[in-house]
Structure formats: C-alpha cells, structure tokens
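# Working through the structure, step by step
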Amino acid sequence: MESYQTSFLESALESNALKFGSFTLKSGRQSPYFFNLGFFNTGLLLSELATSYAKAIIKSGLEFEVLFGPAYKGIPLVAITAAKLAELDPEHYGNILYSFNRKEKKDHGEGGSIVGAALKDKKILIIDDVISAGTAINEAFQIIAAEQGNVVGCIIALDRQETTANSDTSATQAVSERYGIPVISIVSLSDIVEILSHKLTEEQLASIKEYRKQYSPKN
C-alpha cells in the first residue's frame, strides 16, 4: 500500500469526507459508507488531496498533455492537481496544461465552453471525484470529442467497485471498456477495508462485506 493512499484515507476520515453508517445513495441503495470529496474544504486538506491525485497519476505512468476537469467539482481539482504535479516533478509535469468546461457557453469575448488550454489534438487525462452512473464522465467525453481532443485516461479519488443498475460490471469497468482507456483511482473500496479495518467496528466491517457480496462486479 502506498503512503499517499493511507494519508488520503486518514484525511478523508478526519474531514468527514468518508463516513460509515447507513446512507441512502442516489441510486436508492443503502450503503454502509458515504464519500463526499466536498469536505476537503480547507487549504491544507485540498493540498493533501492534490498530492494524492498527483502521486497516483505519477505512479500510473500515463502520458498526457492536458489535465481536464469537468465542471463543477473538477474545476478546483484540475487546477490544484496540475500545480501539485509541477511541484512534485517539474521536469516531467511542469508544462502539463489544464482546462475545464463552463456549464453555459460564453457568447461574448473569445466565446466557447472551454476555459484554459485548448483540447484539439491533445492527449487528455480526465480528473473527477467518483464514477457512479458514469453520466458526468460520458458528458466529459462528449465535450472533449467536440473539441477534437483524445482522452487517454481518467483518474478518480475513489473506486466504489460496485455494479451499476442492470449490469454485472462496475461503473469504472464500464467506462474503461466503453472508451478503451484506463480508469485509475487514489483508493478503492478494497483499500478502505485494508487500510482502515483496525478503525472500524465488527458491525461496520460486516455491513461492508454484505454490501460487497451484493453489489461487487461479477467479472
């Protein structure tokens, strides 16, 4: 296990970005844990989060030219992670470009929906928090395709490793297979269990085990 993964989960617990209990998800499922990246809401927490993203990207070895953050959550993530990549490895990542989209196209000035680097003919890595139904990521692909960019991968904070409705594959697997790209994460549900098992009660661990039994991918 990498030290940045442990640090990330410790920060997630301390900030309440990661909680254990019983939570109703948007899908209607009753989950034994809940993750909300919005609770990384101080300068220190955001810096630690960016470090985790950057180190996961560096570890992956993915070659890309532009880091792209889908609005809205992806906007602060893409900016701070691009800066952290340049700080950690200026020789390799100092000139990495970044950009994000507007929810509403600008109809004055330079116009358009993209802020930051142009995407045309560039190798692009998408950064986001989680992939649930895959809707947000699909929209990002559409935006990038319209700008004639080439997505080479996607990085998220947490891979829940659970199936979507009417599917035997996880949301991350579905995105990876649909677009032929790797989807990497800072941590997965398996990592949560491994790293935090000593901090969880027997009841919490049992609930997670049962949840995984019900919703883990079948392949």
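A brief report on the enclosed structure follows. Please read all numbers here as calculations on a predicted model, not as lab measurements.

So, how was this worked out
Residues numbered from 1 in each chain as written. Predicted model: local features only at pLDDT ≥ 70, side-chain atom pairs only at ≥ 80, totals over all residues. Heavy atoms only, no water. Core = buried A, V, L, I, M, F, W, Y, C linked by side-chain atoms within 4.5 Å. Buried < 20%, exposed > 50% of the residue type's maximum accessible area, 1.4 Å probe, protein only. Helix = DSSP H or I, 4+ residues; strand = E, 2+ residues; numbered from the N terminus. Contact = heavy atoms within 4.5 Å. Phe/Tyr/Trp six-rings, centres within 6.5 Å; stacked < 30°, edge-to-face > 60°. Axes fitted to C-alpha atoms, helices over the stretch in contact; angles between N-to-C directions. Parallel < 35°, antiparallel > 145°, perpendicular 65-115°, else oblique. Left-handed = near helix turned anticlockwise from the far one by under 90°. Nonpolar A, V, L, I, M, F, W, Y, C, P; charged D, E, K, R; others polar. Arc of directions from axis to C-beta.

## A look at the nonpolar core
Counting 42 residues, the largest nonpolar core has Phe8 and Leu67 as the members making the most contacts within it. Examining the composition of this core, we find that six residues originate from one element, helix 2 (residues 43-60), more than from any other. Ignoring any residue separated from it by four or fewer positions in sequence, one finds Leu67 in contact with Ile57, Val78, Thr81, Ala82, Leu85, Ile96, Leu97, Tyr98, Ser99, Leu125 and Ile127. Core analysis: the second largest hydrophobic core is formed by 18 residues, Val66, Ile144, Cys154 and Ile156 among them.

## Remarks on the packing of aromatic side chains
Scanning the entire structure with this criterion turns up six aromatic pairs. A ring pair is formed by Phe8 and Phe40, whose centres lie 5.7 Å apart and whose planes are at 5°; its orientation type is stacked. You can see Phe8 sitting in helix 1 (residues 3-14) and its partner Phe40 sitting in the loop between strand 2 (30-35) and helix 2, a full 32 residues away along the chain. Each member of the pair, Phe8 together with Phe40, is buried. Each residue in the set Phe8, Phe35 and Phe40 is aromatic and connected to the rest through ring pairs, giving one cluster.

## Some points on the packing of helix 5 (residues 135-146) against helix 6 (residues 171-179)
Geometry of a packed helix pair, given as the angle between the helix axes and the separation of the axes. It is at 10 Å that the axes of helix 5 and helix 6 come closest, and there the two elements cross at 25°. Here helix 5 lies roughly parallel to helix 6, going by the angle between them. Crossing hand, helix 5 versus helix 6: right-handed. Contacts between helix 5 and helix 6 involve Ile137, Asn138 and Phe141 on the former and, on the latter, Val175, Arg178 and Tyr179. Residue classes in the contact of helix 5 with helix 6 are distributed as four nonpolar, one polar and one charged.

## With respect to the environment of Glu202
If you trace the backbone, Glu202 turns up in helix 8 (residues 202-215). Along the backbone, Glu202 and Asn166 are 36 residues apart, and their C-alpha atoms lie at a distance of 31 Å.

## Observations regarding helix 7 (residues 189-196)
Here helix 7 has its buried residues at Leu189, Asp191, Ile192, Ile195 and Leu196. Down the axis of helix 7, the buried set is contained in an arc of 155°. They therefore lie on one face. Turning to helix 7, the residues buried within the fold contact helix 1, strand 1 (18-24), strand 2, strand 7 (150-159), strand 8 (183-188) and helix 8.

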